[in-house]
Amino acid sequence: MTFDRSIKIAPSILSADFADFGREIQAIEAQGADWVHVDVMDGHFVPNLTFGPPAVKAFRPHVKTVMDVHLMIAPVDPYIDAFAQAGADVLTAHVEAGPHIHRTLQAIRAAGMKAGVALNPGTPADSIAHLLDLADLVCVMTVNPGFGGQKFIDMTAKVRRLREMIGDRPVHIEIDGGVDPTTAPLVAAAGADVLVAGSAVFKGGSVADPAPYGANIAAIRAAAEGAAQAA
Ligand code: DX5
Ligand code: ZN
């Protein structure tokens, strides 16, 4: 994974057909997805339960781009090696998931993955001031985690602050939650470069009719790139 700050669209398979993940992943990549965002939920850190390392391992052969695994779990550390074995390229832990996020990020990198740190809407940017050299990605939640299809919570001030803190470090700013062609420009103008979108990508399409996936991805990308250039 070489670093560049161009806009990347990362569809979240939380909004995909849970009976057909392999073909859904192939479809979104064929329709222009840059990364594949995989939402792991444990029913403890968030009030929902999705899948774990065995499922992520099964997704791996279908992912030709980047498998961006978002852990909404606590604790994180006991599962890092399992997600590395499963083939995660990026593994993101929540700063709120425990007292030792510094060690968690070190462990993720030691396991050979890119390390991400995620911030819930209530968590300030400055809470990760001492982690910027341990992270390859900062994920700014623009919904309270647990579900797709929620309303966007405006975090542009936090994104701007993070962009300032990161400076020229090779660290992505990822936005996760409620991203669509209307909200994407706000966060792109503020400095975000990876945009996760579930419902806004999968709406109107299917494995049998994936063209809407491509149109939805293109619309989000165009809106974001337009704003990023104008910023
Ligand atoms: C929410 C997940 C998000 C979610 C995004 O807890 O982390 O990745 O799938 O879904 P939308 O884009 O529909 O808000
Ligand atoms: Zn996510």
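These figures come from a predicted structure and were not determined experimentally.

The rules behind these values
Residues numbered from 1 in each chain as written. Chains lettered and ligands numbered in written order. Predicted model: local features only at pLDDT ≥ 70, side-chain atom pairs only at ≥ 80, totals over all residues. Heavy atoms only, no water. Helix = DSSP H or I, 4+ residues; strand = E, 2+ residues; numbered from the N terminus. Contact = heavy atoms within 4.5 Å. Polar contact = N/O pair within 3.5 Å; in protein donor to acceptor, adjacent residues only side chain to side chain. Core = buried A, V, L, I, M, F, W, Y, C linked by side-chain atoms within 4.5 Å. Buried < 20%, exposed > 50% of the residue type's maximum accessible area, 1.4 Å probe, protein only. Near = heavy atom within 4 Å. 1 Å grid on protein atoms, 1.4 Å probe; cavity = no way out; pocket = protein on both sides within 12 Å on 5 of 7 lines; lining within 4 Å. Sits in = over half its atoms within 2 Å of the grid points. Nonpolar A, V, L, I, M, F, W, Y, C, P; charged D, E, K, R; others polar.

**Q** How should the environment of Arg161 be read in this particular structure?
**A** Counting through the fold element by element, Arg161 comes out in helix H5 (residues 156-166). C-alpha of Arg161 to C-alpha of Gly191: the two residues are 30 residues apart in sequence and 9.3 Å apart in space. Apart from residues no more than four positions distant in its own chain, Arg161 is found in contact with Ala125 and Asp126. One polar contact links Arg161 to Asp126, side chain to side chain, over a distance of 2.8 Å. A distance of 2.7 Å separates a polar atom in the side chain of Arg161 from a polar atom in the side chain of Glu164.

**Q** Before we go on, may I ask you to explain the side chain of Asn216 in this structure?
**A** Mapped onto the elements, Asn216 comes out in helix H8 (residues 211-230). Polar side-chain contacts of Asn216 include one of 2.8 Å to the backbone oxygen of Val201. Side-chain polar atoms of Asn216 contact the backbone oxygen of Lys203, separated by 2.9 Å. Ignoring sequence-local partners within four residues, the contact set of Asn216 consists of Ala200, Val201, Phe202 and Lys203.

**Q** So what exactly am I meant to see when it comes to the nonpolar core here?
**A** Soluble globular proteins: nonpolar side chains tend toward being buried together. Of all hydrophobic cores here, the largest spans 75 residues; its most connected members are Ile13, Val38, Val69 and Leu195. Top element by residues in this core is H8. It accounts for 5 residues. When sequence neighbours within four positions are dropped, the list of residues in contact with Val69 reads Val38, Val40, Val56, Phe83, Ala88, Val90, Leu91 and Thr92. One finds Ala10, Val66, Val90 and Ala118 within the second-largest nonpolar core, a separate group that totals 11 residues.

**Q** In this structure, what is going on with the site of ligand 1? I would like to understand it.
**A** Taken together, 20 residues sit near ligand 1, with Gly146, Gly149, Asp176, Gly198 and Ser199 positioned nearest. Contacts to ligand 1 include Gly178, whose backbone N or O atom sits 2.8 Å from an oxygen atom. According to the grid-proximity analysis, the pocket containing ligand 1 is the largest pocket. Secondary structure elements with two or more residues in the shell around ligand 1: strand E2 (36-41), strand E3 (67-72) and strand E8 (194-197). In terms of residues, the shell around ligand 1 owes the most to one element, E2, which gives 3 residues. In the shell around ligand 1, the residues fall into 8 nonpolar, 10 polar and 2 charged.

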